[in-house]
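# Analysis of the macromolecular model
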Amino acid sequence: MRHLRGFKTIIVFFHSCASPFSFHYIRTQDLFKWLSTKQQEGYTIVGLEQTSSSKSIDKYEFPKKTVLLLGKEKEGIPVEFLQLVDQCIEIPQHGIIRSLNVHVSAAICIWEYSKQHQHLALKE
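Residues numbered from 1 in each chain as written. Predicted model: local features only at pLDDT ≥ 70, side-chain atom pairs only at ≥ 80, totals over all residues. Heavy atoms only, no water.

## Here we look at the confidence of the model for the protein chain
Heads up, the condition is: Predictor confidence is given residue by residue as pLDDT, running from a minimum of 0 to a maximum of 100. Residue contacts are defined here by distance: any two heavy atoms, one from each residue, within 4.5 Å place the two residues in contact.
Within the protein chain, residue pLDDT values average 81, and 78% of them lie at 70 or more. In this model, residues 1-9 is a region of pLDDT below 50 whose contacts with residues beyond four sequence positions or in other chains number 9 contacts.

## Observations regarding the pattern of salt bridges
In plain terms, the rule: Each salt bridge in this description consists of a side-chain nitrogen of Lys or Arg and a carboxyl oxygen of Asp or Glu lying within 4 Å of one another. Relative accessibility under 20% of the residue-type maximum defines a buried residue, over 50% an exposed one, and the middle range a partly exposed one, all with a 1.4 Å probe and only protein chains included.
Per the stated rule, a full pass over the model turns up 4 salt bridges. When the shortest N-O distance is used, the salt bridge between Asp30 and Arg27 registers 2.8 Å. Classification of Asp30 as partly exposed rests on a relative accessible area of 31%. Between Asp58 and Lys59 there is a salt bridge whose closest N-O contact spans 4.0 Å.

## A short note on the nonpolar core
Our working definition: By nonpolar core we mean a set of buried residues, namely Ala, Val, Leu, Ile, Met, Phe, Trp, Tyr and Cys, connected to one another through side-chain atoms within 4.5 Å. Only runs of H or I of at least four residues qualify as helices and only runs of E of at least two qualify as strands under DSSP, and these elements are numbered from the N terminus.
The biggest cluster of nonpolar side chains holds 13 residues, and the ones touching the most others in it are Leu31, Trp34, Leu35, Val67, Leu69 and Phe81. Listing elements by their share of this core, those giving two or more residues are helix 1 (28-40) and strand 5 (66-70). Of all the elements, helix 1 adds the most residues to this core, at 3 residues. Every residue in contact with Leu69, bar those within four places of it in the chain, is listed here: Leu31, Leu35, Val46, Gly47, Leu48, Ile77, Phe81 and Val85.

See below:
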């Protein structure tokens, strides 16, 4: 994991017409501007975060043009980026576990997005 030096970059993925998924490495200091630009381009910023207004991932319909923003392990999405998020989603869990590892959460979100949009990929 890039030698665990505070994660100098943040990985963001979004869907585009050119390919099913695009992965971008964005430096933390550039992320606010990058997310703002994506919103201006018509993307919906979806944050994976437990908030009072989060929707359950199984009840959320991902827009085709989605940017998925993931937080840091144990810390979540920093407040300065949450203000840009159009919708927060969360993965329902039962028992005493409150969170999943970020890579597991990302995989679940990508799977859910793919499941919802697989019919579009077959038409293209």
